Amino acid sequence: MGDSINLVARGLDQLTEGFGIFDDDLRLVSCNRPFIELRNYPSKFCKPGTSLETMIRFNCERGDFGPGNIGKQVAERMSEIRKSGHREIERKMTDGQILKIRYHHLENGGLTVTFEDTTEIRRAQTALAASEERYSLVSDAAEEAIYEWNIESDCFFSSPQLQELLGREFNENGVRDWRWDEWVHPEDVEHYKKMLQAHRSGETPRWECEYRVRDRHGEYRWISDHGTSIRNDKGEAVRMVAAVRDITDRVEREAALAASEERHTLVARATSDGLYDWDIISDFLHVSDRLNSLFDFDAGDITSRDWAQRVHVDDFDRYVEALRTHFKGDSDHLECEYRIVDKNGDYRWVRDHGVGVRANDGRVVRLVGAVRDVTDSKVVDEELQRAQARLRDSLETISDGFLLVGADDKVRLWNRRYMEIFSDASGGDISDLVFEGQSFFDMIRTGYMRGMFKPHPEGVDGWIADRRKARKDVSADFEMQLSDGKWLLINERQMSDGGRVSVYTDISEFKRRENETEAARARFEDAIEALSSGFVLFDAEDRIVISNSKYRKYFPKLNDMVSPGTPFKDIIQAAIDRGMFPQSKVDPKEWLAKLLKKRAATSGTREQKMEDGLWLQISDHRTKEGGIVSIYTDVTELKSREVELSEQSAILEATLENMDQAISMVDEDLNVVMFNQKFLEYMNFPKADFKRGFHMSQAFRFNAERGEYGEGDIDAQIRERLELSAQFLAHRFERTKADGVTLEIVGNPVESGGFVTTYTDISEAKRREADLMATKVAAERALQELQKAQDRLVQAEKMASLGQLTAGIAHEIKNPLNFINNFALLSAEMLAELADVLSEPIASLSKDEREDAEDLFETVKGNLNKINQHGRRADSIVKNMLLHSRDGPSEMQHSSLNAIAEEALNLAYHGARAENPAFNIEMVKIFSANVGEIDCFPQDLMRVFLNLVSNGMYSAYKRKQSSSDPNKLPTPTISMETREQGENVVVEVRDNGSGIPEEIRDKIFTPFFTTKPAGEGTGLGLSLSYDIVVKQHGGTMTVDSEPGLSTTFIVTLPRIAVDATVGGESTK
Amino acid sequence: MNARILMVDDEPDAEELFRQNFRREIRIGTIIFDFAQSGFEALELLESKDHPEVILVLSDINMPGMTGIELLEKVRQRWPDIPVFMITAYGDRSTEHKVREKGASSFITKPVDFVALKDQLLTLTGTC
C-alpha cells in the first residue's frame, strides 16, 4: 500500500500543475513537486503540518503580493480563502509569472490548492493581439476604402476600394438608388442606426461602428466603418467622410478565440484529474475519472490500445517513438505532445508527462503520468503562426517594401521587396545587414557607408540624425533618393506598442515623369522668356496657362492678376477698373463686351494704346485646342515716329518759313533740295527762276553774271566754287553785301550726304557786339578799381587792428615813461636847489672835498638830464606809434594841395632851424596852379610832406656837414614840385643829399627802419607816410634816387577820392 | 586864502609827483592838495567836506572803475561851481572835444607841463 501511495505521489510530481492538500485546520497534508517549484518554496518548508497561514506569511514577506502591511495582507487572504467555497483566480507575480490559483474546499473539511502556470498562454495571446494590430496597420496603409456622404444633398462618393469590397458599382455623380442600411446584417441594423444617429446629432464626434454588411453575392462581411463629419452651426453632420475596412477575418478569429477560451477553461479544470497508471505487464491502463469522462472509455479495463487508437494518426509515430525512447532508458521522462480524439470526436492537443517504473533488469513495467489538455495554447499558437504567416504572405504580395522595427529600434519583420530595393542600391547582397534583432540605426548606418544612400551634406551622422528626427513623429511621409537613382516614398507609422512600420514605395518612374514634365515645362518657359515680345497663352476656356515676364512687364498693375488659371475676362475687367485703358472710360461695359466679342470672333493683329502712352501690337492666334496665344510687341517707338514724322514735316515747313534765318539744303549732287523764302530774299534770287531742286551751278552762274565774284572767267569762277562745294567741308564765314547787310553763312555737311547752309543777318549782332565790347572794357576797369578798393579796405582793416594793438602798447608804456621824465626833471630842479642851499657849507669845505662835492653835483645833474633826454626819445617813439593809429578827422575835405605843400615846406624849415639855428638850405618851389583842390585828409597829407621835406633837408644838410670837403659840394637844396597828371595830381620832393643805396631802397617804407643815428629818427616817418598816401588816399608813393647825387620822392594822389569811406574807415 | 585842490589819479606816484612839484606852494600854504585814487573816493571826499573848500578838481581820465569822464559828469552835476581839469595821456582831439563838451575847464595832456599848470592854478586861486 505504501508503495502504491508512493507511486501516486510520483505520478503527481509529473503534473505541470502544483497541487497541495490541507486539513480542516488548514495545515498541509501533502503537496507535489510543482507545488513547491511554482511557488518557489524552500523544499524543507513544505512539510506536512505547515499551516497555510505560515506559507502565505512567507509569500507576503517575500513581497509576492507587493508592498503593504504584512499582517493585514495575510489576514485578508486567509479570510478570503476561508469564506469562499470554490474559487479560481489568476495572479501576476512580481517576476512576471502568471499563476492560475484554484481553491477547492473538500466535503470532509479540507482544502485543495492548485497552481497552474499560465504565463505562456497569456504571452501568446498578447503576441497575437499585437500581430493583429500590425496586420491592420498594414491594411490601413494600403487597403482602406474611403467614402464621402454629403448628407444635405444625399450624394455619395466612394473610392474604388469600397466598390471592390462590396462588389457593387456606384454612380460617379453621387446619385444613389439604394440605402446602405438595406445591406446591413439584420442583427446589426439596429446597432448601426443607433450609432449613426448618435454621430449625426453630434453626440459622438467621431464616427466609429463595426457591423456586417452584405456584398453583391449575398455574403456578409464584417467592416469597420469610421470617420468624421463636417457639421452645421446646430452641430448636425452635413457631410461625412469615412473609411471602411474589411475586418471579417479579425472578427472570425476573435470568435474562434473566444470559443477556444471556453474550451480551455473546461479542459483546464479536467486536467487536474488527468492522471493515468499503465501496468505494462498486464497492459492494464488505469485513468482518473476526469480522463475517463473526457474520453468516455469503457469503464474498468482499458488497455493501452484503447489509448493509442485515439491518438491522431499524424502524431502516432511521434508518440510511439517517445515511448520507446523512454522505455529504452534514453530519457528520464516521457514527454510528448500529440492530438487525441475525445468523446465528441474532436481532436485535443495534450501534453503527456510520464515516468516509467523499472524492474530490476531495467525494463519498464509500469508507466505513471499525467495528461494535460494543451489544445487551448496550441490553438492560440497555431492561430498566431497563421496570423503571422498571413501577415508575411500579405507583405510578400504587396509591391511596396515593408519594414517593421520594434519599439527598441530592433528590426523585426521585412519583406522581399524591401530587400530587393536596398540590395539594388547597395549593388550586392545585404542579407548580412538585415536580420531579425538587428539595430535599425546600425543597419542604415552601415547601409550609408556602403553607399546605398545619396550623400548627406553633414555626412553619416547628419543623415542618421535626420532619420532619427523623422522617427519622432507618429507618422512621417518623405521622399528619398537612393544612390542608384531610385526614388522612394517612405511612409512611416508608429504603432501603439512603440514599434514602427515603414512602407517603401518606388516612385522613380513617377519622379522621372515629373522631372521630364518639369523639364519640358522649363524648356517651354525658357523659350517664351527668350522672346523679345510679351507672350501669353490662354486655354480653350480663355484662362491663362502661361505668360512670360515681358508680358507681365507690360501690365505692371496686373501683376496680381496674371497667374495661371485666371480668366481673360477677369484680367481685362481688372485692367478697366484700374484705368489702364483710357479708351474704355466712356462706357466700360460696352467696351469690354466689344473687346470680348472681337476676341471670340477673330484672331489677328491689332494695336492698343495703353494709359502710360505705350503702344502695343497684339497678335492673337488660335491654338489647336481652342485656346489663344497672344503676342504683345512694343510698337510705341514706331507709332510715335509715324506721328512725329507727319507732325514734324508740318512743323519744319512752318519753322523754315517763319525763321529769321535763310536756310538751304543741298544734296550730294549739289541740288538745292530745300530752301525758304528768306533764302531767295537774302540771295536776291528771283523767285520765278529758282524752284526747289535747282542746281548750285545755277546760283553760282547767276551771281557770277551779276558780278558778285568780280572780274574773270565766269566758267572758271563757277567751276572753282562747284569744286569747293563738292568737298562738303563744314564752313562758316561772314559776307557783307552791297546793301550793307552782313550775313553769317554756316554750312555743315549732313550724314546722308550734302549739307545744310544757314544765312543769318548779323548786322544788328555786329553792332551789339561792338557795344558789348565797350561795355565789357568799362566793366573790367570798374572791376579792377573795385578790387583795388577792396584791397585797400582789407589793408585798412589789418592796419586798424594793428593800430589798436600798437595804441594799447603805446599807452601802457607812455604812463610810466611820463613818470620817468617828470621825476628826472623834478630831481634835476631839486638838485639845483640843493646846490644853492648847500653853496655856503660847500664853500667852507676843504678844496678837495669842495671839488669832490661840486663834481658829484654836476655828475648827478648830468645823469638826470640823460634820463630825461632818453625818456623824451622813447616818448617820441611812442607818440609816432600812436600817430599810426591816431583818431584823426574822419571826413575827407576838399583842400588846396599847393597850400598844404607850402605850409609843410615852411614848417619843416622852421622846425629844423629851431633845432639847429645854424641850419640853412635853399628851397625851390615849383607849384602848378592847375593842381587846385583835391579830396584829402589835409592834416595827414601835411604830415607826409613835412616828413618827406624834413628827411630831404636832413639828408642834404647832413651831406654837406659831414663832408670832408664841403666846398666842393653844391649848396644843400630842397625842391618841391606839384603838377597835374590826368585825373591825378603829383607832388615831388627832391633833395641833393647822399641818396638812398639801391640795396635798402625797398626797406625804407618798413616801420622802424631808419638810417639816422640812434636817437635822431624813429623809423616810423616814411612808413606812416606810405600808409597815408597809399592806403588812406588810394595814391602811390615811389622813390627815385641816384646815390651821391639826389633823392626824389614822388607822391601821386587821385584828385577825386575813389571811395571816400575807405579813407575814412582807415583812420580809426 | 587857501586853495584846496582835489587831485584824482589811480597811480599812487601821481600824488608824489604833484607834491614834489608844488612843494613850495604846499609849504607856504598857498595850495592844499587832497588826493583820491578813484572816482568813488573823490566823491566821498567831496561829500564829507564842506564843499566850498575845494575849489578845483584835477582828474585823470583813464581809471579803473569810475572813469574820469564819469566823475566829471557827476561833479559838474552836483557841484557846478567847482571847475574840473582833466588830465590824460590820450591827447587826441576827439577826447578833448568830448571832455570839454561835458564841462571840463581845462584839458591837460601827459606828460604834464607843470610850469604851465602852476600858472593856471595860481591864476585860478588868485594868488599870482
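Residues numbered from 1 in each chain as written. Chains lettered and ligands numbered in written order. Predicted model: local features only at pLDDT ≥ 70, side-chain atom pairs only at ≥ 80, totals over all residues. Heavy atoms only, no water.

## Here we look at the pattern of salt bridges
Considering all chains together, one arrives at 49 salt bridges over all chains under this definition. Measuring nitrogen to oxygen at the nearest pair gives 3.7 Å for the salt bridge that ties A:Glu492 to A:Arg467. Residue A:Glu492 is found in strand 19 (residues 487–494), and its partner A:Arg467 is found in helix 16 (residues 459–472); the two are separated by 25 residues along the sequence. For A:Arg467, a relative accessible area of 5% gives the class buried. Between A:Glu833 and B:Arg24 there is a salt bridge, and its shortest N-O distance comes to 2.4 Å. Taken as a pair, A:Glu833 in helix 25 (residues 763–837) and B:Arg24 in helix 2 (residues 23–28) lie in two separate chains rather than in one. Judged by its relative accessible area of 25%, A:Glu833 falls in the partly exposed class. The partly exposed category is assigned to B:Arg24, whose relative accessible area is 40%. Beyond isolated ion pairs, a larger network of salt bridges with shared partners links A:Arg467, A:Arg471, A:Glu492 and A:Arg500. (Salt bridge = Lys/Arg side-chain N within 4 Å of Asp/Glu carboxyl O. Helix = DSSP H or I, 4+ residues; strand = E, 2+ residues; numbered from the N terminus. Buried < 20%, exposed > 50% of the residue type's maximum accessible area, 1.4 Å probe, protein only.)

## Topic: the environment of A:Cys46
Examined against the element boundaries, A:Cys46 turns out to sit in the loop between helix 2 (33–39) and helix 3 (52–62). Between the C-alpha atoms of A:Cys46 and A:Asn32, which are 14 residues apart in sequence, the distance is 9.6 Å.

## Topic: the sheet that holds strand 30 (residues 742–749) of chain A
Residues and elements named next belong to chain A. If you walk across this open sheet you meet the six strands as 28-27-26-31-30-29, and the pairing is antiparallel. Looking at which strands have only one partner, the edges of the open sheet turn out to be strand 28 (694–695) and strand 29 (731–736). With three bridges connecting them, strand 26 (residues 662–666) and strand 27 (residues 671–675) associate as antiparallel partners. Paired with Val666 across the bridge in strand 27 is Val672. (Pairing = 2+ DSSP bridges.)

## What about the sheet that holds strand 36 (residues 984–991) of chain A?
Residue and element names in this part refer to chain A. The strand order across the open sheet formed by five strands is 33-35-36-38-37, and the pairing between neighbours is mixed. Pairing within the sheet leaves two strands with one partner each, and these edge strands are strand 33 (922–927) and strand 37 (1036–1042). Shown here is a sheet whose adjacent strand axes are inclined to one another by a mean of 15 degrees, direction ignored. Pairing analysis gives seven bridges linking strand 37 to strand 38 (residues 1046–1054), with the strands arranged antiparallel. What sits directly across from Val1039, in strand 38, is Phe1049. On the sheet, helix 28 (residues 897–915) packs against strand 33, strand 35 (973–981), strand 36 and strand 38 and is oriented at approximately 175 degrees with respect to strand 33. (Axes fitted to C-alpha atoms, helices over the stretch in contact; angles between N-to-C directions. Contact = heavy atoms within 4.5 Å.)

## With respect to the interface of chain A and chain B
Contacts between the two partners involve 13 residues from chain A, matched on the other side by 18 residues from chain B. In total, about 1,600 Å² of surface goes out of reach between chain A and chain B, with carbon and sulfur atoms giving 54% of it. In this structure, the connection of chain A to chain B is made through two salt bridges. Counting the contacts that link chain A with chain B gives two residue pairs in polar contact (both at pLDDT 80 or more). At ten residues, the largest contribution of residues to the side of chain A that touches chain B is made by helix 25 of chain A. Residue composition of the side of chain A that touches chain B, by class: four nonpolar, five polar and four charged. (Buried area = accessible area lost by both parts, 1.4 Å probe. Polar contact = N/O pair within 3.5 Å; in protein donor to acceptor, adjacent residues only side chain to side chain. Nonpolar A, V, L, I, M, F, W, Y, C, P; charged D, E, K, R; others polar.)

## Here we look at the nonpolar core
All names here are of chain A. Within the largest apolar cluster, 40 residues are counted, with the highest numbers of intra-cluster contacts made by Leu897, Phe945, Met1037 and Phe1049. Of all elements in the fold, only helix 28, strand 34 (933–936), helix 29 (938–962), strand 35, strand 36, helix 30 (1021–1032), strand 37 and strand 38 reach the threshold of two or more residues within this core. Core analysis: the second largest hydrophobic core is formed by 29 residues, Val411, Leu433, Val434 and Met452 among them. (Core = buried A, V, L, I, M, F, W, Y, C linked by side-chain atoms within 4.5 Å.)

## Describing the confidence of the model for chain A
The predicted coordinates ought not to be read in detail in places where the model reports low pLDDT. Residue and element names in this part refer to chain A. For chain A, per-residue confidence averages 80 on the pLDDT scale, and 90% of positions sit at 70 or higher. No element of chain A has a lower mean pLDDT than helix 31 (residues 1060–1066), at 39, and none a higher one than strand 36, at 94. Across residues 262–273, confidence stays below pLDDT 50; counting only partners more than four residues off in sequence or on other chains, it has 22 contacts. Confidence drops under pLDDT 50 across residues 1060–1068; counting only partners more than four residues distant or on other chains, this segment forms 18 contacts. (pLDDT = per-residue confidence, 0-100.)

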